[in-house]
Every structure is written in structure tokens, then in C-alpha cells.
Amino acid sequence: MTRYSRAELARGALGALLGIAVAGATARAVPGGPELLPFIVAPMGACAVLLFAVPASPLAQPWPVLAGNLVSTAIGLGAHWVVDDVLLAAALGVGTAIGAMMLLGCLHPPGGACALLAATATPAVHEQGLLFVLSPVAVNTVVLLLVAIAVNNLSGRRYPHRPAAAAAASPAAAALGITAPDVEQAMKRLADRLDVLPADIVSIVRDAETHALDRRLGSVPVSRIMSTDVVVVHPFESIYRARTLLVQRQVKTLPVVDDDRHVVGVVSIIDLFTRDIVELESVDSIMRTDVTTIAAETPVADLVPLMTTEGYKNVPVVDHEGRLVGMITRGELIAVLHRALLGAA
């Protein structure tokens, strides 16, 4: 069974209380109709469960709620008028209503109850006739929908539901990973259809992948895989010296640090060898100062979005005082991910 948070419990219980009260009061205020006509119909209770407890369900979206209730009520009334036997009218009304909702893409469980209520019409419902679809059913449904929109959105739950954006995948994952059309095709092959949106499943799978990565790498700090033998330059040193260090140490990026080893910039092989610069100039004339650093105790899993989605190839590693203690490269990250995948296999 699903465990609900306090916020979900409050939204479900208080939202339904408010929705049923306002829907019933509104219908009671509408003039006309027989004296014994109900101002709130029983299917609205089931409707409230969907709207306030599981508002992300495809069965709880505005079109199924509105069209499902109204179409089914009209079909139930038709069965009541055509068939004299109450039991047969009930069976015909509910069965036909379900078929119609499925064809119209507005399947809504309380719609079946609306059809049953109309097919087994009381004298007051019979007297109201086709107007019963409008009052109280349409009035109840529309007001309940409006309250659900207000309550869900004010309490932090987006309604009508739209699938959450899936976590961004790396270029490789984007090429080979699961997409919404893939899930939709898989769902079609299931014997029992799932009443969820493909995009929601993709979002769940991406979150699960992220969780699995955190579980495997979340306890491994960056300090475990970083390179500590880092060659650096100072802002006042010449570009000639920076070029020499790059060639001698066979690296592509040099951190630029001050006297306390705080990172103040970086220079790359592109900066040093593809620009028309004077070798006697100082490094601070060409270094990039918008440097992204990462703390030594940061979990390795946090490097993945930095180096895949944001495209960093080298990231300086600093201690709690911001001093350079190492360097992490994309190659080192690939190596640790490879080991993690081998462990998973």
C-alpha cells in the first residue's frame, strides 16, 4: 500500500470536504427541479477521491471527469426511457456508458456510477428528465473540477497533470536510453494495459537510474579518484612558461592559483596555442576566471552532470578553505563509472 505524506493526506481529505460542500451548495442554489431532486449525487464522492487523492491519474483529468460524467448520465437516462425492466436498464446503461467513454477517450469510473444512477432513476430524476444531466450532475462536476484545480495547485500539486520533465541524459544515454515512444510501444505489448502516461514512466526510470548511480557512487568522494600531482601557474608568470609546462607535463589545462593556492582562473591548451599572443605577456591576460571547482568530499556521482550535461573536461578540486588539492578529469570519471558498471554486471 502507498504511504501518503501529511501534505497528501491533508490535500485529499480537506480538498474533498471543501469540494463536496461547495458543489452541493452551488447545485442547491440553482433554481428549478423537483423538490426531492438531490443537490449532490453519489458519484461525486468517487470523483472527489480521484481529483484530490490521485490527481495525476489519467482517469482524473478534466476531460474524462467532465465528459465521462455527462455522457454517461445521458446514456443512463436513455436506457431508463427505452427499457422498462430496471435491472436490464441498469446493465445496458452502464455497459454502453463504459464503451462510449472508452471510444471518446474520457474513461472515468464515477461515470459508470452516473449511468447507473440515471438508469435506475427515482421519480424525481425521471421528472427532471434530460435536465438532470445539467442539474445537478453538470453543476456538481464543474464546481468539483474548479475546486480541485484551486486546491491542488495552491497546495503544490500541478493539476491538470503534466508529466514532470525527465532528468537530462548524457549524449550516450540520449542515443541509447529509454524514451516515451519506447515505453508506449512496450505498454501496447502488455496483456494488461497500464493506466499511466509513458512520459511519467520515463521520468520514473530516469530518477531510478540517478538513484542507482548515487547508491553506487554516492559514498565515494572525489578525493578518492582525483589526481593530486597537479601542475599550476601563477597569474604573474609568463605565457611562455605556461606553454612549456603544458608540453612537459602533457596536460591540457593548468589551474591558475594565488600564493595561498586559491584557484583564480584556468588556462587551456586552446587559450595558449590557438591565439595570437605575446609569450612575454603574463598568464592573467588570457586566463579564464569563471572557474567551476568542486569540493574534495563531494560524491563522485555529482561529477556526472558536470562532465556530461555541462561539458566540463577538467575540474579543479578544492578543500574546505577553497585551496587547490587536486584535479579531476573526464578520463578519471569514465574509469570509475566503468568499474561501477562492471560491479553492476
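Residues numbered from 1 in each chain as written. Predicted model: local features only at pLDDT ≥ 70, side-chain atom pairs only at ≥ 80, totals over all residues. Heavy atoms only, no water.

### Quick look at the overall build of the protein chain
- Per the secondary structure count, the protein chain includes 14 helices and five strands.
- Put simply, the protein chain has 345 residues, and 39% of those count as buried.
- Taking contacts inside the protein chain between residues at least 6 apart in sequence as the whole, the part at least 24 apart equals 66%.
- Split by element, the accessible area of the protein chain, about 19,100 Å² in all, is 63% carbon and sulfur. (Helix = DSSP H or I, 4+ residues; strand = E, 2+ residues; numbered from the N terminus. Buried < 20%, exposed > 50% of the residue type's maximum accessible area, 1.4 Å probe, protein only. Contact = heavy atoms within 4.5 Å. Areas by Shrake-Rupley, 256 points an atom, 1.4 Å probe, with all protein chains shown as cover.)

### Some points on the UniProt feature "transmembrane region" (unreviewed entry) in the protein chain
- Taking the numbering used here, the UniProt-annotated feature "transmembrane region" (unreviewed entry) corresponds to residues 39–56, 63–83, 89–118 and 130–151.
- With 61% helix and 0% strand, the stretch residues 39–56 has end C-alpha atoms that lie 28 Å from each other.
- Annotation note: span residues 130–151, helix share 95%, strand share 0%, distance between end C-alpha atoms 31 Å. (UniProt positions renumbered as here; feature names shortened; annotations may be inferred.)

### Some remarks on helix H3 (residues 62–82)
- Compared with the 30 Å implied by 1.5 Å per residue over 21 residues, the 30 Å span of H3 between its first and last C-alpha is a close match.
- What H3 keeps buried is the set Pro-64, Val-65, Ala-67, Gly-68, Asn-69, Ser-72, Thr-73, Gly-76, Leu-77, Ala-79 and His-80.
- Elements that come into contact with the buried residues of H3 comprise helix H2 (43–53), helix H4 (86–104), helix H5 (109–119), helix H6 (123–128) and helix H7 (131–154). (Expected span 1.5 Å × (residues − 1).)

### Notes on the pairing of strand E4 (residues 314–318)
- Where burial is concerned, most of E4 is hidden: four out of the five residues are buried.
- Relative to E4, strand E3 (residues 294–295) runs parallel, the two being bridged by two bridges. Each bridged residue has a counterpart across the sheet, and for Ile-294 the counterpart in E4 is Val-317.
- The pairing of E4 with strand E5 (residues 324–329) spans five bridges and is classified as antiparallel. (Pairing = 2+ DSSP bridges.)

### Concerning the nonpolar core
- Among the nonpolar cores identified, the biggest contains 28 residues, and Leu-51, Phe-52, Leu-77, Val-125, Phe-132 and Leu-144 are the most heavily contacted of them.
- Mapped onto this core, the elements with two or more residues apiece are helix H1 (6–29), H2, H3, H5, H6 and H7.
- Among the elements that line this core, the one with the most residues is H7, at ten residues.
- Those residues within four positions of Phe-132 in sequence are excluded, and the remaining contacts are Leu-37, Val-41, Thr-73, Leu-77, Leu-117, Val-125 and Val-137. (Core = buried A, V, L, I, M, F, W, Y, C linked by side-chain atoms within 4.5 Å.)

### A short note on the confidence of the model for the protein chain
- In the predicted model, the protein chain carries a mean pLDDT of 85, and the fraction of residues at 70 or more is 80%.
- Between residues 170–176, whose pLDDT stays under 50, and residues either more than four places distant or in other chains, the model counts three contacts. (pLDDT = per-residue confidence, 0-100.)

### Quick word on the packing of H2 against H7
- Between H2 and H7, the least distance of the axes is 10 Å, while the angle of their chain directions is 20°. The orientation of H2 with respect to H7, classified from their angle, is roughly parallel. H2 and H7 meet at a crossing whose hand is right-handed. Taking contact as the criterion, the partners of Met-44, Cys-47, Ala-48, Leu-51 and Phe-52 in H2 are, on H7, Val-137, Asn-140, Thr-141, Leu-144, Leu-145, Val-147, Ala-148, Val-151 and Asn-152. (Axes fitted to C-alpha atoms, helices over the stretch in contact; angles between N-to-C directions. Parallel < 35°, antiparallel > 145°, perpendicular 65-115°, else oblique. Left-handed = near helix turned anticlockwise from the far one by under 90°.)

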